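Each chain, letter by letter, is given below.
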Amino acid sequence: MSKLGSIGARLYRGEVGYDFIGKRKIWYGISILITITAIVGLAVRGLNMGIEFSGGAVFSTPATSVSTAEAQARAQSASGGHQAVVQKLGDGALRIQIGGLDTKQAVPVQEQLAKELKVPAKDVNTQLVGPSWGEEIANKAWLGLGIFMVLVVLYLAIAFEWRMALAALIALIHDLTITVGVYALVGFEVTPGTVIGLLTILGYSLYDTVVVFDSLKEASKDLTKQTRFTYSEIANRSINGTLVRSINTTVVALLPVAGLLFVGGGLLGAGMLNDISLALFVGLAAGAYSSIFIATPLVTDLKNGEPEIKALARRVKAKRAAAAAKAASQEEGPQASDDAADGTDGPAVVGPRHQPAARNRGRGRPSGKRR
């Protein structure tokens with residue numbers, strides 16, 4: 001068995017473990033700090049919405065030797081200063097997105113682009129995207145997200161309990177906020193691919209959370225009928241038991257996404273992959289974090305407020321205190337027997353034993369002249 005597999009088996013059996021629940025205030029603090037940073041970034045910088053949402057024009061040119069940076073500068077000049085996004089395709093063609101253009105502005109920009117890039121104007125394909133279409137796409141995305149959240153809460157409330165459903169919902173909002181905040185800080189363009197990536201990570205985050213919840217539900221069955229473990233300890237054992245599985249699935253999922261983001265989008269310049277790969281990469285990492293450090297600790301806090309769970313904690317504490325007192329008395333028992341064998345009732349006395357003071361006082365000392 002591999003070393004990681006051996007550790008996973010020991011974690012599952014409860015032989016070793018880390019106190020995730022006991023240190024939950026630390027994880028809450030870290031999550032709050034990251035969430036505040038994401039919200040501030042979103043408020044200050046905002047999202048860089050693609051033309052699918054804001055409206056504009058997309059120009060596709062034939063193969064050209066003009067570099068991406070040069071084409072971007074010429075496109076902004078041709079459009080009168082509008083923001084342009086240029087992507088170089090595999091055959092050397094260019095895809096130029098210019099936001100804020102309407103039908104009247106698109107034709108002159110098309111002709112100016114052809115002139116700047118030294119290609120025939122008829123070979124430059126123009127596609128207009130109206131802001132109304134982008135608004136419709138955004139509304140559908142919000143509607144789909146809302147329906148998804150409602151269905152998730154209903155399913156978890158039925159399959160588990162409402163406390164787990166609430167904790168999972170908070171974890172999902174946590175993952176969404178962090179991912180959107182990173183998008184704002186990095187400045188990546190938000191496209192329909194971004195929405196697809198967000199929905200994908202929500203499903204993955206739920207999968208990891210449900211695995212831990214299922215283990216917790218099985219371990220906490222008939223919990224109040226025993227006095228060995230509290231609910232917090234059972235929850236901590238459930239997290240440790242599924243920890244290696246969560247790490248393995250997260251690493252396996254992140255590796256291809258990292259290749260898509262850093263190799264495909266970074267080294268190869270495949271800009272169209274950036275929008276979905278960044279959402280997947282950040283969302284997968286945040287989902288793995290929230291399933292371990294947020295969702296289950298939240299369930300524990302909610303459950304610890306129940307009267308039955310409070311009573312269980314008191315019984316477990318009382319039993320452990322009684323066991324500790326019994327063990328202490330057993331340790332004192334042999335010591336008392338040893339003292340009795342030595343003829344002493346307590347601590348050792350310094351000095352000679354059984355030495356009568358009256359008999360020994362003045363022995364060997366002359367009593368005076370004999371008369």
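Model, not experiment: these values are computed from the prediction.

Definitions and cut-offs
Residues numbered from 1 in each chain as written. Predicted model: local features only at pLDDT ≥ 70, side-chain atom pairs only at ≥ 80, totals over all residues. Heavy atoms only, no water. Pairing = 2+ DSSP bridges. Helix = DSSP H or I, 4+ residues; strand = E, 2+ residues; numbered from the N terminus. Axes fitted to C-alpha atoms, helices over the stretch in contact; angles between N-to-C directions. Contact = heavy atoms within 4.5 Å. Polar contact = N/O pair within 3.5 Å; in protein donor to acceptor, adjacent residues only side chain to side chain. pLDDT = per-residue confidence, 0-100. Expected span 1.5 Å × (residues − 1). Buried < 20%, exposed > 50% of the residue type's maximum accessible area, 1.4 Å probe, protein only. Arc of directions from axis to C-beta. Left-handed = near helix turned anticlockwise from the far one by under 90°. Nonpolar A, V, L, I, M, F, W, Y, C, P; charged D, E, K, R; others polar. Core = buried A, V, L, I, M, F, W, Y, C linked by side-chain atoms within 4.5 Å. Patch = residues over 30% accessible without salt bridge, like charges linked within 9 Å, V, L, I, M, F, W, Y side chains within 5 Å. Areas by Shrake-Rupley, 256 points an atom, 1.4 Å probe, with all protein chains shown as cover. Salt bridge = Lys/Arg side-chain N within 4 Å of Asp/Glu carboxyl O. Phe/Tyr/Trp six-rings, centres within 6.5 Å; stacked < 30°, edge-to-face > 60°. Lys NZ or Arg CZ within 6 Å of the ring centre and 35° of its normal. Parallel < 35°, antiparallel > 145°, perpendicular 65-115°, else oblique.

Q: Sorry, what's going on with the sheet that holds strand β5 (residues 125-129) here?
A: Strand pairing within a sheet occurs via backbone hydrogen bonds; the two strands may be parallel or antiparallel. Taken in spatial order, the four strands of this open sheet run β3-β4-β2-β5, and their pairing is antiparallel. At either end of the open sheet lies a strand with only one pairing partner, and these are β3 (84-88) and β5. Direction aside, the axes of adjacent strands within the sheet are offset by 15° on average. In this fold helix α4 (residues 68-78) packs onto β3 and β4 (94-99), with an angle of close to 150° to the strand it touches most, β3. Of the strands in this sheet, β2 (56-61), β4 and β5 are in contact with helix α5 (residues 103-117), which crosses β2 at around 30°.

Q: Explanation requested: the side chain of S220 in the structure shown.
A: Within the secondary structure layout, S220 lies in the loop between α8 (192-219) and α9 (231-241). Of the polar contacts made by the side chain of S220, one reaches the backbone oxygen of L216; its length is 2.7 Å. Filtering out sequence-adjacent residues up to four positions away, S220 remains in contact with Y231 and I234.

Q: What should I look at first to understand the confidence of the model for the chain in this one?
A: Do not read the predicted coordinates in detail wherever pLDDT is low. When pLDDT is averaged across the chain, the result is 78; 81% of the residues are at 70 or more. Taking the mean pLDDT of every element in the chain, the minimum, 46, falls on helix α13 (residues 357-360) and the maximum, 91, on helix α2 (residues 24-45).

Q: Would you mind showing me how to read α5 here?
A: An α-helical turn contains 3.6 residues, so any two residues separated by three or four positions project in the same direction. End to end, α5 covers 21 Å across 15 residues, agreeing with the expected 21 Å (1.5 Å per residue, within 8%). Where α5 is concerned, the buried positions are A106, V109, Q110, L113, A114 and L117. Taken down its axis, α5 places every buried residue within 140° of arc, on the same side. For α5, the exposed residues lying more than 90 degrees away from the buried face are K104 and K115. Looking at the buried positions of α5, the neighbouring elements they touch are β2, α4, β4 and β5. Note on α5: the residue one or two positions beyond its end, K118, has a positive phi of about 60°.

Q: When you look at the packing of helix α7 (residues 162-186) against α8 in this model, what are you seeing that I'm missing?
A: Axis angle and axis distance: for two packed helices, these are the angle between their axes and the distance between the axes, and together they describe the pair. Relative to each other, α7 and α8 sit at 145°, their axes nearing to 10 Å. Read as a crossing pair, α7 and α8 show a hand that is right-handed. Contacts between α7 and α8 pair M164, A167, A168, L172, D175, L176, T179 and Y183 from the former with T194, L198, I201, L202, S205, L206, T209, F213 and L216 from the latter. Grouping the amino acids of the contact of α7 with α8 by side-chain chemistry returns twelve nonpolar, four polar and one charged.

Q: Just to check I follow, could you spell out the nonpolar core for this structure?
A: Side chains that are nonpolar tend, in soluble globular proteins, to be buried together. F20, L156, M164, F213, L216, Y231 and V299 are the most contacted members of the largest nonpolar core, which totals 44 residues. Elements with a contribution of two residues or more to this core: α2, α6 (131-159), α7, α8, α9, α10 (243-267), α11 (274-303) and α12 (307-341). With 18 residues, the next largest nonpolar core counts A71, I98, L117 and V119 among its residues.

Q: Which parts of the structure should I look at to understand the pairing of β4?
A: Where a strand is regular, its side chains alternate between the two sheet faces. In the sheet, β2 pairs with β4 via six bridges, with the strands oriented antiparallel. If you follow G56 over to β4, its bridge partner there is G99. Looking at chain direction, β3 and β4 are connected through five bridges and run antiparallel. Across the sheet, K88 pairs through a bridge with L94, a residue of β4.

Q: I tried to follow the environment of E116 on my own but got confused; where do I start?
A: Assignment of secondary structure puts E116 in helix α5. Measuring from C-alpha to C-alpha, the distance between E116 and A71 comes to 8.4 Å, with 45 residues separating the pair along the chain.

Q: Is there a simple way to explain a nonpolar patch on the surface in this structure?
A: On the surface, a cluster of nonpolar side chains totalling about 490 Å² of accessible area is made up of L143, I147, V150, L151 and L154. Mapping I147 onto the fold places it in helix α6. In this structure I147 comes out as partly exposed when scored by relative accessible area, which is 45%.

Q: How do you make sense of the packing of aromatic side chains when you look at a structure like this?
A: Aromatic rings in a pair are described by how distant their centres are and how their planes are angled relative to each other. Enumeration according to the criterion identifies six aromatic pairs in this entry. Over the face of the ring belonging to Y18 we find K23, whose NZ or CZ atom lies 5.2 Å from the ring centre.

Q: Looking at this structure, I do not really get the packing of α2 against α7. What am I missing?
A: Two elements in contact, α2 and α7, have axes whose closest approach is 8 Å; the angle formed by their N-to-C orientations is 45°. Viewed along their axes, α2 and α7 adopt a mutual orientation that is oblique. Between α2 and α7 the crossing geometry is left-handed. The segment α2 lies against α7, with S31, I34, T35, T37, A38, I39, G41, L42 and R45 engaging H174, T177, I178, V180, G181, A184 and L185. When its residues are assigned to classes, the contact of α2 with α7 shows eight nonpolar, seven polar and one charged.

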